[in-house]
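Observations on the model geometry
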Amino acid sequence: MRGGQSVMGAATLARTPSPAGLRALRVGLFAVAGLPAMMLVVGLVQGELGVNPVETLLDTTGIWALRFLLATLAVTPIRWLTGAVWVVRLRRQVGLWAFFYASCHFAVFAVFDHGLALAPMIEDIAKRPFILVGMSGLLLMLPLALTSTRGWIRRLGKRWRQLHWLVYPAAVLGLVHFFWLIRANRWTEPLIYAALLAIFLGWRAWRRRGVALRDG
Amino acid sequence: MLIKKRRASDVLPSEITPESIYRDRRRFLRTSALAAAGSLLAPGWSLAKPMEALEPLGELPASEFSTDTPANTYEEITTYNNFYEFGSGKEDPMRLAPGRLEHRPWTVTVSGEAENTGEYGFDDFMRGLTVEERIYRLRCVEAWSMVIPWAGVPLAEVIRRARPTSRAKYVKFYTRYDPQVFPAQAARGMGFLASIDWPYTEGLRMDEAMNPLTLLATGLYGKEMPSQNGAPIRLVVPWKYGFKSIKSVVRIHFQETEPEATWNQLAPHEYGFYANVNPNVDHPRWSQARERRIGEFFKQDTLMFNGYQEEVAHLYAGMDLSKHY
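Along every chain, residues carry numbers that run from 1 in the direction the sequence is written. The order in which chains are written sets their letters, starting at A; the order in which ligands are written sets their numbers, starting at 1. Predicted model: local features are reported for residues with pLDDT of at least 70 only, side-chain atom pairs are reported and counted for 80 or more only, and whole-chain, interface and lining totals are derived from all residues. As a convention, hydrogens and water are excluded, and side-chain values are obtained from all of the structure's heavy atoms.

Notes on the overall build of chain B
- Scanning chain B for helices and strands turns up ten helices and twelve strands.
- Each of the 325 residues in chain B was classed as buried or not, and the buried ones make up 58%.
- In chain B, the share of contacts with a sequence separation of at least 24, taken over all contacts with a separation of at least 6, comes to 73%. Counting from the N terminus, the helices are DSSP H or I runs at least four residues long and the strands are E runs at least two residues long. Classification of residues uses two cut-offs on accessible area relative to the type maximum, computed with a 1.4 Å probe and protein chains only: under 20% is buried, over 50% is exposed, and between them is partly exposed. Any two residues having at least one pair of non-hydrogen atoms within 4.5 Å are treated as being in contact.

Notes on the overall build of chain A
- When helices and strands are tallied, chain A shows ten helices and zero strands.
- When its helices and strands are written in sequence order, chain A yields α-α-α-α-α-α-α-α-α-α.
- Within the span of chain A, comprising 216 residues, buried residues form 43% of the whole.
- Restricting the contact set of chain A to residue pairs at least 6 apart, pairs at least 24 apart contribute 69%.

Here's the deal with a positive patch on the surface
All names here are of chain A.
- For patch building, the residue pool is restricted to those with more than 30% relative accessible area and no salt bridge; the joining distance is 9 Å between like charges and 5 Å between nonpolar side chains (Val, Leu, Ile, Met, Phe, Trp, Tyr). The Shrake-Rupley method, run with a 1.4 Å probe sphere, supplies the accessible areas, and residue values consider only the shown protein chains as cover. Between Lys or Arg on one side and Asp or Glu on the other, a salt bridge is scored when a side-chain nitrogen of the former is within 4 Å of a carboxyl oxygen of the latter. None of His or the chain ends enter the tally, which takes Lys and Arg as positive and Asp and Glu as negative. Charge placement uses NZ in Lys and CZ in Arg. For Asp and Glu, CG and CD serve respectively. Among the surface-exposed residues, Arg26, Arg89, Arg92, Arg150, Arg154 and Arg155 lie close enough to one another that they form a single positively charged patch.
- Taken together, the elements giving at least two residues each to the positive patch come down to helix H4 (88-113) and helix H7 (150-156).
- Of all the elements, H7 adds the most residues to the positive patch, at three residues.
- Along the chain, Arg155 falls in helix H7.

Focus: the confidence of the model for chain B
- Each residue carries a pLDDT value, the predictor's own confidence for that position, ranging from 0 to 100. Mean pLDDT over chain B stands at 87; residues scoring 70 or higher make up 82%.
- pLDDT under 50 marks residues 17-37 of chain B. Its contacts with residues more than four places away, or in other chains, come to 38 contacts.

Some points on the packing of helix H5 (residues 118-127) of chain A against helix H6 (residues 129-146) of chain A
All names here are of chain A.
- Close contact between H5 and H6 brings their axes to 5 Å; oriented N to C, the two are set at 100 degrees. By the angle between their directions, the pair H5 and H6 is classed as roughly perpendicular. In this structure, H5 contributes Asp124, Ile125 and Lys127 to the contact, and H6 contributes Pro129, Ile131, Leu132 and Met135.
- Following the grouping adopted for this structure description, the nonpolar residues are Ala, Val, Leu, Ile, Met, Phe, Trp, Tyr, Cys and Pro, the charged ones are Asp, Glu, Lys and Arg, and the polar ones are all others, Gly among them. Looking at the contact of H5 with H6, its residues break down into five nonpolar, no polar and two charged. Helix axes are fitted to C-alpha atoms over the stretch in contact, other axes to C-alpha atoms as well, and angles between N-to-C directions run from 0 to 180 degrees. Here is the rule for angles: anything less than 35 degrees is roughly parallel, anything more than 145 is roughly antiparallel, 65 through 115 is roughly perpendicular, and the remaining ranges are oblique.

Observations regarding the sheet that holds strand E5 (residues 170-175) of chain B
Residues and elements named next belong to chain B.
- Pairing within the open sheet is mixed, and its five strands lie in the order E2-E1-E10-E5-E6. One side of each edge strand has no neighbouring strand; the edge strands of this open sheet are strand E2 (118-121) and strand E6 (201-205). Taking each pair of neighbouring strands and ignoring which way they run, the sheet shows an average axis angle of 20 degrees.
- For two strands to count as paired, DSSP must find a minimum of two bridges between them. One ladder, built from four bridges, connects strand E1 (residues 107-112) with strand E10 (residues 249-255); its direction is parallel. Paired with Val110 across the strands is Ile252, a residue of E10.
- Sheet contacts for helix H6 (residues 155-162): E1, E5, E6 and E10; angle to E10, the most-contacted strand, approximately 60 degrees.

Side note on the packing of aromatic side chains
- The criterion for an aromatic pair is that two Phe, Tyr or Trp rings (for Trp, the six-membered ring) have centres within 6.5 Å, with stacked assigned to planes under 30 degrees apart, edge-to-face to planes over 60 apart and tilted to the rest. This model, assessed by the stated rule, comprises 25 aromatic pairs over all chains.
- A ring pair is formed by B:Tyr74 and B:Tyr221, whose centres lie 5.9 Å apart and whose planes are at 65 degrees; its orientation type is edge-to-face. Of the two residues, B:Tyr74 sits in helix H3 (residues 74-79) while B:Tyr221 sits in the loop between strand E7 (215-220) and strand E8 (223-224), which places them 147 residues apart along the sequence.
- Residue class for B:Tyr221 comes out buried when judged on its relative accessible area of 5%.
- The rings of A:Phe30, A:Trp64, A:Phe68, A:Trp97, A:Phe100 and A:Tyr101 are connected pair by pair, giving a single aromatic cluster.
- Two limits define a charge over a ring: the Lys NZ or Arg CZ must be within 6 Å of the ring centre, and within 35 degrees of the ring normal. The ring of B:Tyr74 carries B:Lys223 above its face, with NZ or CZ at 4.9 Å from the centroid.
- Positioned over the ring face of B:Phe273 is B:Lys244, at 4.1 Å from the centre of the ring.

Some details on the pattern of salt bridges
Residue and element names in this part refer to chain B.
- Evaluation of the coordinates by the stated rule reveals 22 salt bridges over all chains.
- The salt bridge involving Glu132 is made with Arg134; its shortest N-O contact spans 3.0 Å. In terms of burial, Glu132 and Arg134 fall into one category: buried.

Remarks on a nonpolar patch on the surface
- Where nonpolar side chains cluster on the molecular surface, the patch consists of A:Leu44, B:Phe297 and B:Phe298 and spans about 260 Å² of accessible area.
- Among the residues examined, B:Phe297 registers a relative accessible area of 33% and is labelled partly exposed.

Written out as structure tokens, the structure is:
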């Protein structure tokens, strides 16, 4: 492993927590990441999701899917910049939350926009490029979620890494899906996400080039 | 001459929702810590906002053009608005418009190809006009809809009073331009991100403007128009997508050529000049076949001309509505 060289010299951050500490971090992450979903459920029950609750459900689940997807991509740069190798051990959960919110997003669309009627739903997906793009992103995430277990990581070996490269196209598709929906001047949020994605992908490309120059 | 037709499905004045039901408001705006936190986490969560004090308009004559579909609640109508001058979020107008948008003094300018042009203070403008109640369906181009009990005057009466000349083929409307009042008007010019060229303008063909359904609304639910709904006076064209119903109007201009309309100029392939509600012509990015009535979870079919085909279909006879969308 090439890890360990800490750019920021954040010594405390770089130190791997104890197993108990890591478990606590995972539980904490679970509680925080599940909060938006919990608030949606509570809001729905109490009728506090605003005047158009379906829109709130759709927008909120979609936004959080993208945020968690970006967060998974942030893990590796954070690890290299801080030397905190252990953050990688939280990545699976972050990725699964992205998949969870993306699935909820699709479920809201399927249930409330189409009443689970399959034929009109397929027609809608095929006819609307922005839905097709979002749907493709979700489908790309499906094998990643399914093979996220320790057993599958072992079974797939080297190919596991290759398969999980799909997270990049999934993130790009998710972001395109988001951009496609914008009317007039609501560009701030998608632009921030696009900038983050560009940084995360660009950083990887730049690092790979550096490694290739050094090693090759 | 105006031809008034009554459809079997139309409501009798006596059947209109009584005021007691109007006032039976759903109380979903609560100042709870949960809601405050929620607005950060979930875009639709609302923060409580004191209501504007609005004068009741008194007894309003009912109209044969009103629908008998139950109206949306006052909260729904006043907390979920597209009024981009105050921001592009649905809750920006209700947060920012009350207090910023002064309803008086208000001047409406009548100009262009007409004999009786001039500047009118709001009360002078309304003098001699009878405000009536019109319960209309409103269909937004974003595929949601509401039923709204407007109060207003037929635009046709205002037009007759202005005595347009034979060259007046179209009517153009302007929203007020005042960056002190409308934050989004002040935040203009960001290169390719610059979106709307203020002031917001809209237009109707003369026969559309003269149609008895077309309303200049000055209130809703029997009271003055709330700021976020386009106070003090706005257009309501119920068979067209909501963006045609321009808010906070300060100018009515008669002209010979088709007027520039804001959304049409911004994205002509997405928003036509006519913008008639049409379930058969989709928006390039989404379907217009169905709509979500605010207050309901599942979608319903969208009706041709938003269900006003008897009143307006003749205006478009012979026109290819997939081309003139």
